Amino acid sequence: MASDDQATRKRILDHAAALFAERGFEKVTVREICRGARANVAAVNYHFGGKRPLYVAVVKMAIEIMRETNELSVEAGRGASPDDQLRAYVRVFLTRLMSTGRNSWIHKLMTRELESPSDAFDLVIRDVIEPRHKYLSAIIGAISGLPADDSRVILAGVSLQAQCLLFARPMPRKVPSAWRTVVEDTDGIVSHVAEFSIAGMRALKAGKRRR
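Throughout this document, residue positions are counted from 1 along each chain, in the order its sequence is written. Restriction of local features to residues with pLDDT of at least 70 applies here, the model being predicted, together with a cutoff of 80 or more for giving and counting side-chain atom pairs; totals for whole chains, interfaces and linings are based on all residues. The side-chain figures draw on all heavy atoms in the structure; neither hydrogens nor water molecules are used.

Engineer: For this particular structure, what's the right way to read the packing of aromatic side chains?
Structural biologist: Think of a pair of aromatic rings as described by two things: how far the centres are apart, and how the planes are tilted against each other in angle. Stacked, edge-to-face and tilted labels apply to pairs of Phe, Tyr and Trp rings (six-membered ring for Trp) whose centres lie within 6.5 Å, assigned for plane angles under 30 degrees, over 60, and everything in between, in that order. Across all of its chains, the model carries four aromatic pairs by this definition. Seen from their ring centres, Phe 20 and Tyr 55 are 5.1 Å apart, and the 75 degrees between their planes marks the pair as edge-to-face. Of this pair, Phe 20 sits in helix 1 (residues 2–23) while Tyr 55 sits in helix 4 (residues 51–76), and the two are 35 residues apart along the sequence. Each member of the pair, Phe 20 together with Tyr 55, is buried. Pairing Tyr 89 with Phe 93 gives two aromatic rings, centres 5.4 Å apart and planes at 25 degrees, and the pair type is stacked. With Tyr 89 and Phe 93 both in helix 5 (residues 82–98) and four residues apart, the pair spans about one turn of that helix. An aromatic cluster of at least three residues, connected via ring pairs, comprises Phe 20, Phe 25 and Tyr 55. Each ring is checked for a lysine NZ or an arginine CZ that lies within 6 Å of its centre and within 35 degrees of its normal; such an atom marks a charge sitting over the ring. Its end group placed over the ring of Phe 25, Lys 51 keeps NZ or CZ at 4.3 Å from the ring centre. In this text, helices come from DSSP runs of H or I with a minimum length of four residues, and strands from runs of E with a minimum of two, each type numbered from the N-terminal end. A simple rule labels every residue: compare its accessible area, found with a 1.4 Å probe on the protein chains alone, to the largest value its type can have, and call it buried under 20%, exposed over 50%, or partly exposed in between.

Engineer: Would you mind going over the pattern of salt bridges with me for this structure?
Structural biologist: Note on pairing: side chains with opposite charge can pair once their charged atoms come close. Any Lys or Arg side-chain nitrogen located within 4 Å of an Asp or Glu carboxyl oxygen qualifies as a salt bridge. If you walk through the whole model with that rule in mind, you get twelve salt bridges. Where Lys 10 meets Asp 14, a salt bridge forms, and the shortest distance between an N and an O atom there is 2.6 Å. Separated by four residues within a single helix, Lys 10 and Asp 14 lie in helix 1, roughly one turn from each other. With relative accessibility at 32%, the residue Asp 14 sits in the partly exposed group. It is possible to trace a salt-bridge network through shared partners that takes in Asp 84, Arg 87 and Glu 195.

Engineer: Teacher, can you tell me more about helix 5 here?
Structural biologist: Each α-helix winds once per 3.6 residues, and so residues spaced three or four apart point in a common direction. In a helix, the anticipated span is given by 1.5 Å times the number of residues less one. For helix 5, spanning 17 residues, the distance from its first C-alpha to its last is 24 Å, which sits close to the expected 24 Å at 1.5 Å a residue. Turning to helix 5, its buried residues number three or more, namely Asp 83, Gln 85, Leu 86, Ala 88, Tyr 89, Val 90, Val 92, Phe 93, Leu 94 and Leu 97. Of the surrounding elements, those touching the buried residues of helix 5 are helix 4, helix 6 (105–115), helix 7 (121–144), helix 8 (151–168) and helix 10 (186–202). Residues count as neighbours in contact if any of their non-hydrogen atoms are within 4.5 Å of one another.

Engineer: What exactly am I supposed to notice about the nonpolar core here?
Structural biologist: The nonpolar side chains of soluble globular proteins are, as a tendency, buried together. Residues enter a nonpolar core if they are buried and are Ala, Val, Leu, Ile, Met, Phe, Trp, Tyr or Cys, with the set joined through side-chain atoms within 4.5 Å. Core analysis: the biggest nonpolar cluster contains 34 residues, and Ile 12, Phe 20, Leu 54, Val 58, Trp 105 and Leu 109 have the highest contact counts within it. Of all the secondary-structure elements, those providing two or more residues to this core are helix 1, helix 2 (30–36), helix 3 (43–48), helix 4, helix 6 and helix 7. The element that contributes the greatest number of residues to this core is helix 4, accounting for ten residues. Once you skip the residues sitting within four places of it in the chain, Trp 105 turns out to touch Ala 17, Ala 21, Val 58, Met 61, Ala 62 and Ile 65. Leu 136, Leu 146, Ile 189 and Val 193 belong to the second-largest nonpolar core, a separate cluster that totals 24 residues.

Engineer: How should I be thinking about the packing of helix 4 against helix 7 in this particular structure?
Structural biologist: The relative placement of two packed helices comes down to the angle between their axes together with the axis-to-axis distance. At a minimum axis separation of 9 Å, helix 4 and helix 7 run at an interaxial angle of 15 degrees. As judged from the angle between their axes, helix 4 and helix 7 are roughly parallel. Relative to helix 7, the crossing made by helix 4 is left-handed. Note on element contacts: helix 7 touches helix 4 through Leu 123, Val 124, Asp 127, Val 128, Pro 131, Arg 132 and Tyr 135, opposite Val 56, Val 59, Lys 60, Ile 63, Met 66, Arg 67, Asn 70, Ser 73 and Val 74. Each residue gets one label: Ala, Val, Leu, Ile, Met, Phe, Trp, Tyr, Cys and Pro are nonpolar, Asp, Glu, Lys and Arg are charged, and the others, such as Gly, are polar. Classifying every residue of the contact of helix 4 with helix 7 by side-chain character gives ten nonpolar, two polar and four charged. Only C-alpha atoms enter the line fits that serve as axes; for helices the fit covers just the stretch in contact. Angles between N-to-C directions range over 0 to 180 degrees. Comment on the angle field: the value is read as roughly parallel under 35 degrees, roughly antiparallel over 145, roughly perpendicular from 65 to 115, and oblique elsewhere. For any pair of crossing helices, the crossing counts as left-handed if the nearer helix is rotated counterclockwise from the farther one by less than a right angle, and right-handed if it is rotated clockwise.

Engineer: Explain the side chain of Thr 69 to me, please; I cannot follow it from the model alone.
Structural biologist: Secondary-structure assignment places Thr 69 in helix 4. In contact with Thr 69, other than residues within four places in its own chain, are Val 92, Phe 93 and Arg 96.

Engineer: Which parts of the structure should I look at to understand the confidence of the model for the protein chain?
Structural biologist: Confidence of the predictor in every single residue is expressed as pLDDT, which spans 0 to 100. On average, the protein chain scores 90 in pLDDT, and the residues at 70 or more come to 91%. Averaged pLDDT values for the elements of the protein chain fall to 67 in helix 9 (residues 177–183) and rise to 96 in helix 7.

Engineer: Any chance you could explain helix 7 here in plain terms?
Structural biologist: For a residue, the bend is simply the angle between two axes, fitted respectively to the seven-residue segment ending there and the seven-residue segment starting there. The largest bend along helix 7 reaches roughly 35 degrees and is located at Ile 129, with the proline Pro 131 sitting one to four residues downstream. Directly beyond the C-terminal end of helix 7, a positive phi value near 80 degrees is found at Gly 145.

Structural data, given as structure tokens:
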């Protein structure tokens with residue numbers, strides 16, 4: 001019986017994740033979550049205590065997968081030069097973002113959270129964004145020759161993340177064909193973002209520090 005409960009809970013969580021990512025918290029009902037998960041309408045309360053706690057559980061599931069991405073990025077660059085650490089980070093991060101596999105819902109959900117943060121986003125900041133920022137700032141500091149807490153280093157990290165998020169967005173239909181060919185080349189995008197960013201980071205020290 002316990003295994004049946006766990007299976008039901010997992011179906012609810014997976015189906016809720018897909019719906020919340022696609023349409024947002026407010027536009028998804030408990031009834032349709034349970035219908036898609038082949039569960040009784042009372043199952044959300046039974047397993048999670050309501051729709052809001054279910055949403056928090058979905059965010060926590062996303063956090064675990066994003067933390068795994070962070071760990072893969074660190075491992076991929078372990079022992080390498082700062083430049084190669086950055087290249088490894090961009091490759092792992094962008095490949096995950098651009099994936100159309102079973103975890104592609106995470107990017108959609110996080111995009112919604114960035115645009116309209118819920119209380120659960122505090123967990124994302126603490127467990128994913130802050131560790132990622134700390135790791136990136138150390139690499140960028142080493143590349144640029146600046147302290148990791150320098151405002152130029154922080155902005156460079158934000159810029160790098162923004163590039164990755166931008167390229168991971170679906171392309172509009174009406175774009176020049178030459179542009180589409182380029183931006184659909186994942187390896188080319190990874191190389192561009194990494195090399196473009198490294199060149200900018202090396203030039204940072206010549207600029208003035210912002211206050």
